[in-house]
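# Architecture at a glance
Next come the chains, spelled out residue by residue.
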Amino acid sequence: MSLYNHQSFLLALTVIQLFITSFVCSASVGVHNHGASADLYNNFTTYEFGQSYKDLYKVKSFFHQFGYLSNTPPFNDNYDDTLVSAIQTYQKYYNLKVTGKLDHDTVQHISVPRCGVPDINTGKHPNYVFFNGSNGPPRYPPGTTKLTYAFLPENKVIDKFKHVFAIVFNRWSSVIKIQFEETASYDTANIKIGFYKGNHGDWPPFDGQGGQWAHAFAPTYGQAHFDIQENWKPDITGLTDPTSTDLESIAMHEIGHVLGLYHTPVQSAIMYAYINSLTRKVELTDDDIQGIRKLYGL
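Residues numbered from 1 in each chain as written. Predicted model: local features only at pLDDT ≥ 70, side-chain atom pairs only at ≥ 80, totals over all residues. Heavy atoms only, no water.

### Thoughts on the pattern of salt bridges
In the structure shown here, the tally under the stated rule is ten salt bridges. Taking the shortest distance from any N to any O, the salt bridge between Asp55 and Lys54 comes out at 3.4 Å. Residue Asp55 is classed as buried on the basis of its relative accessible area of 15%. For Lys54, a relative accessible area of 66% corresponds to the exposed category. (Salt bridge = Lys/Arg side-chain N within 4 Å of Asp/Glu carboxyl O. Buried < 20%, exposed > 50% of the residue type's maximum accessible area, 1.4 Å probe, protein only.)

### Quick look at the UniProt feature "binding site: Ca(2+) 3" (unreviewed entry) in the protein
UniProt records the feature "binding site: Ca(2+) 3" (unreviewed entry) at Asp207, Gly208, Asp227 and Glu230, using the numbering of this structure. The greatest C-alpha distance among the annotated residues, which extend across 24 residues, is 9.6 Å, indicating that they converge on a single site. As for its position among the elements, Asp207 is in the loop between strand 3 (191–196) and strand 4 (214–216). Here Glu230 lies in the loop between strand 5 (223–227) and strand 6 (231–233). Taking relative accessible area as the criterion, Glu230 reaches 0% and is therefore assigned buried. (UniProt positions renumbered as here; feature names shortened; annotations may be inferred. Helix = DSSP H or I, 4+ residues; strand = E, 2+ residues; numbered from the N terminus.)

### A closer look at empty space enclosed by the protein
In this structure, the largest cavity occupies an estimated 70 Å³ of space. Taken together, Trp213, Ser249, Ile250, His253, Ile270, Tyr272, Ala273, Tyr274, Ile275 and Lys281 form the lining of the largest cavity. Tallied by class, residues from the lining of the largest cavity come to seven nonpolar, two polar and one charged. (1 Å grid on protein atoms, 1.4 Å probe; cavity = no way out; pocket = protein on both sides within 12 Å on 5 of 7 lines; lining within 4 Å. Points joined across faces, edges and corners; volume = space filled by probe spheres on them. Nonpolar A, V, L, I, M, F, W, Y, C, P; charged D, E, K, R; others polar.)

### Side note on the packing of aromatic side chains
The geometry of two aromatic rings is summed up by the distance between their centres and the angle between their planes. Enumeration over the complete set of coordinates arrives at 22 aromatic pairs. With centroids separated by 5.3 Å and ring planes inclined at 75°, the aromatic side chains of Phe62 and Phe63 adopt a geometry described as edge-to-face. Grouping aromatic residues by their ring pairs yields a cluster made of Phe62, Phe63, Phe66, Tyr68, Tyr90, Tyr93, Tyr94, Tyr272 and Tyr274. The cationic tip of Lys192 hangs over the ring face of Tyr186; the distance from NZ or CZ to the ring centre is 6.0 Å. (Phe/Tyr/Trp six-rings, centres within 6.5 Å; stacked < 30°, edge-to-face > 60°. Lys NZ or Arg CZ within 6 Å of the ring centre and 35° of its normal.)

Here it is, written out as structure tokens:
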């Protein structure tokens, strides 16, 4: 699914506009809060409908890439009906006050690091959400009881990071009747895990430390990609460096995508798209469990 401290909200949006969705270790680097200054927040809150503002197209690019604006690029700098509609839809999805304006709460929410998979999807249930498929939500075939996973060999993933993924798979297997087993055969593994830098053969390219931390593909493609330049830590408990990224939290989210879950508007859930700096979120909620069991049963 991205999670960090940029001085400028416009700079954050410039980075964010590189995100395009995917049905998407040996290095470290991390998550920081795209916090904008009070002046920048105030600038956005003074924007008025019908006016034109420099670089506003970047805001439209953000909403387009995460599914809130259906128009195709290039975008203009006009504060128009399409932008108002996109803002309102975003606010509704994340249970923000619906104003249709770039108010403080909305700008602050957009500034938080997040997963690179978009939000808008019609496979929605009361809260949990699935990917769309021509024959229903994509999932591993009925009767599947074991899935294998492997790490990209070139990454030379260290043992303490492999241990994190073992914990993650055990958490998901504790609520469904599927066991996960690591294999040395990357080519034949059901789930392929890789750490990549920049443009790595799919969209979106990773943006280095900060911004988008990972993305994953729906079943049965079975790939989860992590930005190798993030400051990955097995557990951020007790850490104070705001660039530290909790690998277990992000892996829980991305493996949820690999199994077929999309983003949920439930903020406490693993499958919520955003996570703040130095936040650890690893326990499955009722929303996550209900969603995965809807796909695979108990």
